[in-house]
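# Residue-level structure breakdown
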Amino acid sequence: MLEFDEVGTSTPQPSLKSRMASAASSDYYCMTFDEPEEMDDVTLSSSATSKRPSDCSLDEAVRGAHKQTQLLAQQNMDLNDKLTRQSEELAEARAQLRGYSGPLGLENASDEEIIRLEAFEKGSIKHSGFLEVYNVPEFARIIVCELKPTLARLLTKNLPAYLLVAAFRNHDEKRDETALTGLFSSVHLVLKDTISRSHDLDLLSLWLVNLWRLFNLLRQYSGEDSQPEWHVANTETQNSYRFKAYDVAPIRDQLKLRIEECYTSLMKKAIEHVLSPKIVPGILQHESSSDLMTAGQERRDRNSGSVESQRKSLDDLLQFMEIVHTKLTTYGGDDIVVKQVIGQMARWMCALALNYMMFRRELCNFEKAIQIKHNVTQIQNWLNAKGLSDCRDHFEPLVQACHLLQSRKDPSNLDTLCGEMTSRLKPRQVVAILQHYDPSDEMEDGLSPEFLVQIQKKLNERAIANNDPIEDKDKLIMLGTYLPPFDTQPFSYSDFPLETLSLPSCLHMQSVCRLV
């Protein structure tokens, strides 16, 4: 090795022979390899047994170097595989989190607190209300599975319905029947599975509202002329959007089945099990004021510690009705949907309360009748405030039962008791209520069997005069939780302009479809 003593001078270089001899006898110089920071057991074992050139041949040194090179290459490949797996897991996690709004705290926010943002109208971006779908399976997955209720509250109401009708129109314009039916079938299968498995009030409300809107859009934009009421309110632009190539009646038939299924799931799986336990406490046992109770009744209830819970029960019932109503309107439900859902809840409340009341003597007295009538009035006032005054009539049988208990019960008042005051009650229901009547005043006598016979005879004469069905004569129990099918006969018009439709970036739909 050259060693410089001064600038420009150097010591003479030793001969090649002397250098090799020095190297052979030196214990300092040896063949080593840089070890990686993390070594497995095999690598450490190989490093520990590496020998100096003085103790091994050149071939063994080369083999050792090759072995370590192979180990390092294997480690590099393992690390690359691990990095690839992590990248795939990260991509999958990001896909699952699309549309998820949990961390934002929206799951605890009320529907009134949600702010819906509308996009600015961009004059440079125009389309004709057509949606071209590139990837049908992914489009179906996004529109059904990715659109969570917490996200749907932030977007345009009935957005899935408008996107689907725009996509159907695009295939109709191109006269591509296979693509049109294929798109509907893909969305239909995913949606059918989602509805059948769900018990969630939000999800079922969201899709009942959107299916109903899509069903009406396919009537509003249909090419049929047999139903002029479907098109009478259309603007000139909306009439130009009507289907030209195909009759979409078969699609509407399938949608009708899904609407009925979704409505049944909403009422039976999400509403009934919550509503039913609130009916008797909220209507029959709720006590708004101690003035409505006798002193003895108030004393007994206070001893049992039930007064406070009874006074909150009506509020709980009204609060649940408010929740259901708010969710339907937040997702874009029209008056037809809201009236059918809330109206069915009112029928259930009246039926279950009346069935319970007819066989409980402690409920068939003057004071309880005042209390029950007051509770029903509170519910009817709530219906009026929500613009649902038509649903008040569903409580009429229960109201008439209260009037019956408050009326004078003697032969001179027979015509009133069996007249218009009890017109919504069946003959056996009137008799059952009077049989369980419990006079609250010790001075008042119970009803005699002879008087009940007179009542029965008068009610039978009324039924004959009104041509009531024969089966109503012996009907006693109201249909408690019976659920009739959703009525799809009424038509609901939409004034939403399809040419203003936009794709929300939060759903990442730009890669599967585009507006044209």
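Since the model is a prediction, treat every value here as computed from it, not as a measurement.

## Section: the overall build of the chain
Counting its secondary structure elements, the chain contains 18 helices and two strands. Evaluated residue by residue, the chain yields a buried proportion of 42% over its 516 residues. Considering only residue pairs separated by 6 or more positions, the chain has 80% of its internal contacts joining residues 24 or more positions apart. Summed over all atoms, the accessible surface of the chain reaches about 28,700 Å², with 52% contributed by carbon and sulfur.

## Focus: the pattern of salt bridges
In total, this model carries 19 salt bridges according to the counting rule given. Residues Arg-197 and Asp-193 are paired through a salt bridge, measuring 3.0 Å at the closest nitrogen-oxygen approach. Highlighted residues: Arg-197 and Asp-193, both in helix α7 (residues 177–197), separated by four residues, approximately one helical turn. Under the relative-accessibility criterion, Asp-193 is labelled partly exposed at 38%. With a shortest N-O distance of 3.2 Å, Asp-472 and Lys-426 are connected by a salt bridge. Of this pair, Asp-472 sits in the loop between α18 (449–465) and β2 (513–515) while Lys-426 sits in the loop between α16 (414–417) and α17 (427–435), placing them 46 residues apart in sequence. Look at Lys-426 and you get partly exposed, because its relative accessible area is 26%. Connected through shared salt-bridge partners, Glu-132, Lys-174 and Arg-514 make up one network.

## Quick look at the packing of α17 against α18
Packing of α17 against α18 brings their axes to within 9 Å, and their N-to-C directions diverge by 165°. When the interaxial angle is binned, α17 and α18 end up roughly antiparallel. By crossing handedness, the relation of α17 to α18 is classed as right-handed. When α17 is examined against α18, the residues Pro-427, Val-430, Val-431, Leu-434 and Gln-435 are found in contact with a partner set consisting of Leu-452, Ile-455, Gln-456, Leu-459 and Asn-460. For the contact of α17 with α18, the per-class residue count stands at seven nonpolar, three polar and no charged.

## A look at the layout of surface pockets
The space that makes up the second largest pocket amounts to roughly 480 Å³. Every residue lining the second largest pocket is counted, 18 residues in all, and those nearest its centre are Arg-347, Ala-351, Pro-397, Met-478 and Leu-479. At five residues, helix α13 (residues 335–357) tops the list of elements feeding residues into the lining of the second largest pocket. By residue class, the composition of the lining of the second largest pocket is nine nonpolar, four polar and five charged.

## Remarks on the environment of Asp-315
Within the element layout of this structure, Asp-315 appears in helix α12 (residues 307–330). Residue classification places Asp-315 among the partly exposed positions, given a relative accessible area of 49%. In sequence terms Asp-315 and His-286 are 29 residues apart; their C-alpha atoms lie 9.2 Å from each other.

## Details of the environment of Cys-350
Looking at the secondary structure, you find Cys-350 in helix α13. Given a relative accessible area of 0%, Cys-350 falls into the buried group. Measuring from C-alpha to C-alpha, the distance between Cys-350 and Pro-397 comes to 7.3 Å, with 47 residues separating the pair along the chain.

## Thoughts on the packing of aromatic side chains
The tally for this structure, following the rule as stated, stands at five aromatic pairs. Measuring from ring centre to ring centre gives 4.2 Å for Tyr-162 and Phe-496, while their planes differ by 20°; the resulting arrangement is stacked. In this pair, Tyr-162 is assigned in helix α6 (residues 159–173) and Phe-496 in the loop between α18 and β2, connecting sequence segments 334 residues apart. For the pair Tyr-162 and Phe-496, one class covers both residues: buried. On the basis of an interplanar angle of 65° and a centroid distance of 6.3 Å, the ring pair of Phe-168 and Phe-184 is categorised as edge-to-face. You can see Phe-168 sitting in helix α6 and its partner Phe-184 sitting in helix α7, a full 16 residues away along the chain.

Criteria and cut-off values
Every residue gets a number counted from 1 within its own chain, in the order that chain's sequence is written. This being a predicted model, a pLDDT of at least 70 is required before a residue's local features are given, and a value of 80 or more before pairs of side-chain atoms are given or counted; all residues contribute to the totals for chains, interfaces and linings. Derived side-chain values reflect all non-hydrogen atoms in the structure, with water molecules and hydrogen atoms excluded from consideration. Secondary structure elements are taken from DSSP: a helix is a run of H or I of four residues or more, a strand is a run of E of two residues or more, and numbering for both begins at the N terminus. Burial here depends on accessible area, computed with a 1.4 Å probe over protein chains only, as a share of the maximum for the residue type. Under 20% is buried, over 50% is exposed, and the range in between is partly exposed. A contact between two residues is defined here by any heavy atoms of the two lying within 4.5 Å. The protein chains shown are the only cover counted for residues, whose accessible areas, like all others here, come from Shrake-Rupley with a 1.4 Å probe. Any carboxyl oxygen of Asp or Glu within 4 Å of a side-chain nitrogen of Lys or Arg constitutes a salt bridge here. An axis is simply a line fitted to the C-alpha atoms; with a helix, the fit covers only the stretch in contact. Between two such axes, the angle follows the N-to-C directions and lies from 0 to 180 degrees. With respect to orientation, any angle under 35 degrees is reported as roughly parallel, any angle over 145 as roughly antiparallel, any angle of 65 to 115 as roughly perpendicular, and every other angle as oblique. Should the near helix be turned counterclockwise from the far one by less than a right angle, the crossing is left-handed, whereas a clockwise turn marks it as right-handed. Gly falls in the polar group here, along with every residue not listed as nonpolar (Ala, Val, Leu, Ile, Met, Phe, Trp, Tyr, Cys, Pro) or charged (Asp, Glu, Lys, Arg). Definitions used for this entry: grid spacing 1 Å over protein atoms alone; cavity, a set of points where a 1.4 Å probe fits but cannot get out; pocket, an open set with protein on both sides within 12 Å along at least 5 of 7 lines; lining residue, one with an atom within 4 Å of a point. Grid points are joined across faces, edges and corners, and a volume is the space filled by probe spheres set on the points. In summary, the pairing rule links any two rings of Phe, Tyr or Trp, Trp by its six-membered ring, whose centres are within 6.5 Å, and it sorts them by plane angle into stacked for under 30 degrees, edge-to-face for over 60 and tilted for everything else.

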